[in-house]
Amino acid sequence: MSWLSSSQGVVLTAYHPSGKDQAVGDSHAKGGEEATSSRRYGQYTMNQESTTTRVMEKPPFDRSISQDSLDELSMEDYWIELENIKKSSENRQEDQEVVVVKEPDEGELEEEWLKEAGLSNLFGESAGDPQESMVFLSTLTRTQAAAVQKRVETVSQTLRKKNKQYQIPDVRDIFAQQRESKETAPDDTESQSLRTNENKYQGRDDQTSNLGEEKLIPPEETPAPETDINLEVSFAEQALNQKESSKEKIQKSKGDDATLPSFRLPKDKTGTTRIGDLAPQDMKKVCHLALIELTALYDVLGIELKQQKAVKIKTRDSGLFCIPLTVLLEQDQRKVLGTRIPLIFQKLISRIEEGGLETEGLLRIPGAAIRIKNLCQELEAKFYEGTFNWESVKQHDAASLLKLFIRELPQPLLSVEYLKAFQAVQTLPTKKQQLQALNLLVILLPDANRDTLKALLEFLQRVIDNKEKNKMTVMNVAMVMAPNLFMCHALGLKSSEQREFVMAAGTANTMHLLIKYQKLLWTIPKFIVNQVRKQNTENHKKDKRAMKKLLKKMAYDREKYEKQDKSTNDADVPQGVIRVQAPHLSKVSMAIQLTEELKASDVLARFLSQESGVAQTLKKGEVFLYEIGGNIGERCLDDDTYMKDLYQLNPNAEWVIKSKPL
């Protein structure tokens with residue numbers, strides 16, 4: 001598969017069988033034209049440029065004779081899956097669904113990036129008082145600020161060249177206030193804290209995975225040492241500090257895959273924040289920060305991050321296959337209110353599981369191509385009518401249909417905007433940095449894509465849990481699923497056997513990380529949540545100052561306002577006690593004494609133990625304790641949150657027990 005360039009832009013197109021197309025596993029091209037022809041597998045074609053601008057000083061991969069047989073054996077599932085995809089595609093003569101991806105003009109990419117990062121008011125027709133963005137900019141780390149500054153400079157230069165009559169900010173003005181506030185800070189406690197937090201993890205998670213010399217997934221029999229991944233310090237800051245101070249140590253550790261740690265979520269007394277735990281207004285801020293952080297990380301590591309933009313989409317507006325996720329969910333929500341995963345996707349997974357997850361070769365063994373084609377046609381006609389006979393669908397057919405559904409999405413499940421960034425993950429120097437980048441990319445995915453990807457990964461993990469009987473280890477599953485999610489593994493480069501192998505192994509490794517670390521990847525890093533808290537605090541101060549000014553102007557008693565404001569915060573709760581509200585339970589309110597060991601789960605248990613009647617049927621997992629207001633909009637607390645620690649972080653919050661919204 002490859003990107004097809006044109007004067008209008010770049011086209012992502014569905015697979016259409018052609019005699020010139022060849023399997024990636026082929027070691028020799030047939031003729032000069034065919035050697036450079038596009039290689040299409042499944043849905044998408046990619047452009048001719050590489051994911052990364054970093055130039056390799058040596059061949060990307062150096063295999064010894066003894067390694068050859070191991071590599072080819074290990075990658076066999078990958079190449080077989082590609083061949084199965086090709087055969088399946090030959091039996092699917094659907095109309096092509098076209099997504100045009102526009103090649104950006106000079107400065108356009110950076111302008112779009114600033115919009116996505118929530119900083120569009122710094123330039124162009126929407127330019128206003130830069131003070132509006134100062135609160136946001138003041139919370140950025142040095143690497144995040146550098147990433148923003150680099151893009152602002154490019155946009156400013158472009159607008160000047162084009163003689164645009166817009167207000168063009170001076171970069172020095174935009175960042176001056178941020179620098180001044182840091183310089184005049186009474187102490188350097190925050191920086192000290194960041195350094196302390198980073199040192200806590202230093203030396204345990206900075207080993208390289210040496211993906212420049214692409215290695216396959218290590219054998220699962222070799223248990224790797226476990227270490228906490230650092231979510232308290234900006235990922236880009238960690239990379240920069242490591243780059244500045246640990247070069248020698250990194251060089252020494254190169255190639256030592258046996259010492260690569262297995263990462264785990266750290267225990268955080270103020271609670272782990274997962275995607276879905278925050279209110280929409282705070283999640284929007286998280287996405288802005290995640291984009292800036294991802295860009296800063298790639299900048300520090302010398303990798304160019306180019307977002308693609310789908311500007312024209314010709315798709316069907318009904319059906320099951322080749323339908324955009326958002327359109328599919330709209331029609332599904334008319335059937336099942338609030339559903340977040342396509343119904344056909346859920347049903348296919350359910351059908352596979354009904355056949356038992358112990359079936360040997362599950363996901364690897366394909367269904368018959370002609371039968372799959374017929375089942376697709378039947379499903380399109382009968383699925384929503386409820387007349388489709390699911391008993392006629394064999395387990396391997398259901399697995400093939402699931403993979404077909406993913407491949408035939410008009411836009412990739414990993415999104416047009418970030419597919420290249422997902423592919424670039426394999427070029428990052430360390431396993432830790434690969435996980436950090438994947439974490440940020442998962443946050444940036446559209447809701448529909450992220451929710452569907454999560455359902456897929458959870459299902460794949462259940463398959464792997466039965467590996468003793470189905471013979472599908474995480475490595476096997478990663479090999480089989482990688483070509484279905486990463487359709488652009490060859491990136492349209494000249495396809496030497498060595499390059500094909502490196503790209504295939506890279507996407508399989510990325511798939512492996514997605515499956516193995518899905519809990520970690522659906523976590524919002526603590527440093528980003530803290531940045532959101534700072535933004536909210538600064539915005540509250542700004543609003544408060546504006547309100548006081550307004551009240552003074554209106555000749556109200558300022559002292560009276562301040563007294564009311566204070567009494568609202570203090571309420572009638574003594575020091576060291578929180579009042580928890582539970583409007584939907586029989587015990588609607590309770591004052592709870594804070595202790596060092598009190599957790600969110602203990603608070604919930606106290607309320608649920610006093611329930612009676614209908615409410616007594618409420619179980620743990622149906623209602624949650626929320627932190628609302630203060631320096632956060634709304635946050636669902638995990639069971640292991642220590643309430644006293646969180647109270648100290650957000651003393652003005654209210655505490656409410658309720659169910660999660662759909």
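These numbers were taken from a predicted model, which means no experiment stands behind them.

Analysis parameters
- Residues numbered from 1 in each chain as written.
- Predicted model: local features only at pLDDT ≥ 70, side-chain atom pairs only at ≥ 80, totals over all residues.
- Heavy atoms only, no water.
- Helix = DSSP H or I, 4+ residues; strand = E, 2+ residues; numbered from the N terminus.
- Buried < 20%, exposed > 50% of the residue type's maximum accessible area, 1.4 Å probe, protein only.
- Contact = heavy atoms within 4.5 Å.
- Areas by Shrake-Rupley, 256 points an atom, 1.4 Å probe, with all protein chains shown as cover.
- Phe/Tyr/Trp six-rings, centres within 6.5 Å; stacked < 30°, edge-to-face > 60°.
- Salt bridge = Lys/Arg side-chain N within 4 Å of Asp/Glu carboxyl O.
- Pairing = 2+ DSSP bridges.
- pLDDT = per-residue confidence, 0-100.
- Axes fitted to C-alpha atoms, helices over the stretch in contact; angles between N-to-C directions.
- Left-handed = near helix turned anticlockwise from the far one by under 90°.
- Nonpolar A, V, L, I, M, F, W, Y, C, P; charged D, E, K, R; others polar.

**Student:** Explanation requested: the overall build of the protein in the structure shown.
**Tutor:** Along the backbone of the protein there are 26 helices and 11 strands. A burial count over the protein gives 50% of its 662 residues as buried. Taking as baseline every contact in the protein between residues at least 6 positions apart, the subset at least 24 positions apart corresponds to 80%. When the accessible surface of the protein is summed, it comes to about 31200 Å², and 50% of that surface belongs to carbon and sulfur atoms.

**Student:** Got a minute to help me understand the packing of aromatic side chains in this structure?
**Tutor:** Remark: the centre distance and the inter-plane angle together describe each pair of aromatic rings, the angle taken between the planes. Tallying each qualifying case throughout the model produces seven aromatic pairs. Taking 5.3 Å as the distance between ring centres and 80 degrees as the angle between the ring planes, the aromatic pair formed by Tyr78 and Trp79 counts as edge-to-face. Judged by centre distance (4.9 Å) and plane angle (75 degrees), the ring pair of Phe388 and Trp390 falls under edge-to-face. Take Phe388 and Trp390: they sit in the same class, and that class is buried.

**Student:** Even after reading the chapter, I still don't get the pattern of salt bridges, so can you show me in this structure?
**Tutor:** In a structure, side chains of opposite charge can pair up when their charged atoms sit close to one another. On inspection of all chains with the given rule, the structure shows 22 salt bridges. Close ionic contact of Arg450 with Asp447 constitutes a salt bridge, the shortest N to O distance being 3.2 Å. Of this pair, Arg450 and Asp447 are both found in helix H18 (residues 447–464), three residues apart, which corresponds to roughly one turn of the helix. Here Glu458 and Lys454 are joined by a salt bridge, their closest N and O atoms 2.5 Å apart. Taken together, the residues Glu458 and Lys454, both in helix H18 and four residues apart, mark about one turn of the helix. By relative accessible area, Lys454 is classed as partly exposed at 31%. A cluster of three or more residues bridged by salt bridges with shared partners is formed by Lys150, Arg151 and Asp299.

**Student:** Would you mind going over the side chain of Asn631 with me for this structure?
**Tutor:** Within the fold, Asn631 resides in the loop between strand E9 (624–629) and strand E10 (632–636). Residue class for Asn631 comes out buried when judged on its relative accessible area of 10%.

**Student:** Just checking my understanding: could you explain the environment of Leu122 for this structure?
**Tutor:** Examined against the element boundaries, Leu122 turns out to sit in the loop between helix H4 (108–116) and helix H5 (131–138). Given the relative accessible area of 4%, Leu122 is considered buried. Along the chain, Leu122 and Ser133 lie 11 residues apart, while their C-alpha atoms are 7.6 Å from each other.

**Student:** How do you make sense of the pairing of E10 when you look at a structure like this?
**Tutor:** Looking down a regular strand, the side chains alternate between one sheet face and the other. When you tally the buried positions in E10, you get four out of five residues, the bulk of the element. Where E9 meets E10, four bridges bridge the pair, whose relative direction is antiparallel. Following the sheet pairing, Tyr626 is matched in E10 by Cys636. Hairpin connection of E9 to E10: two residues between the antiparallel strands, including Gly630 at a positive phi of 75 degrees.

**Student:** I keep staring at the pairing of strand E8 (residues 589–593) and nothing clicks. Help me out?
**Tutor:** Side chains Met590 and Ile592 of E8 all project onto a buried face; the interleaved residues Ser589, Ala591 and Gln593 project onto a face where none is buried. Sheet topology note: the strand E7 (residues 577–581)/E8 ladder contains five bridges and is antiparallel. Within E8, the residue paired with Ile578 across the bridge is Ile592.

**Student:** I keep staring at the confidence of the model for the protein and nothing clicks. Help me out?
**Tutor:** Residues shown with low pLDDT carry predicted positions that ought not to be read at fine detail. The predicted model of the protein has a mean per-residue pLDDT of 75, with 63% of residues at 70 or higher. When the elements of the protein are averaged for pLDDT, strand E1 (residues 4–5) gives the smallest value, 35, and H18 the largest, 97. A low-confidence stretch, residues 181–194 stays under pLDDT 50, and its non-local contacts, those more than four residues away or across chains, total seven contacts. The low-confidence segment residues 203–215, where pLDDT is below 50, has 55 contacts with residues more than four positions distant or belonging to other chains.

**Student:** I tried to follow the environment of Pro661 on my own but got confused; where do I start?
**Tutor:** Topologically, Pro661 is positioned in the segment after strand E11 (654–658). Exposure remark for Pro661: the relative accessible area of 64% places this residue in the exposed category. In sequence terms Pro661 and Gly276 are 385 residues apart; their C-alpha atoms lie 9.6 Å from each other.

**Student:** Explain the packing of helix H11 (residues 280–300) against helix H17 (residues 431–444) to me, please; I cannot follow it from the model alone.
**Tutor:** Running from N to C, H11 and H17 point in directions that differ by 145 degrees, and their axes come no closer than 9 Å. Crossing of H11 over H17 shows left-handed handedness. Facing Met283, Val286, Cys287, Ala290, Leu291, Glu293, Leu294, Leu297 and Tyr298 of H11, the residues of H17 in contact are Gln433, Gln436, Ala437, Leu440, Leu441, Ile443 and Leu444. A per-class count over the contact of H11 with H17 returns 13 nonpolar, two polar and one charged.

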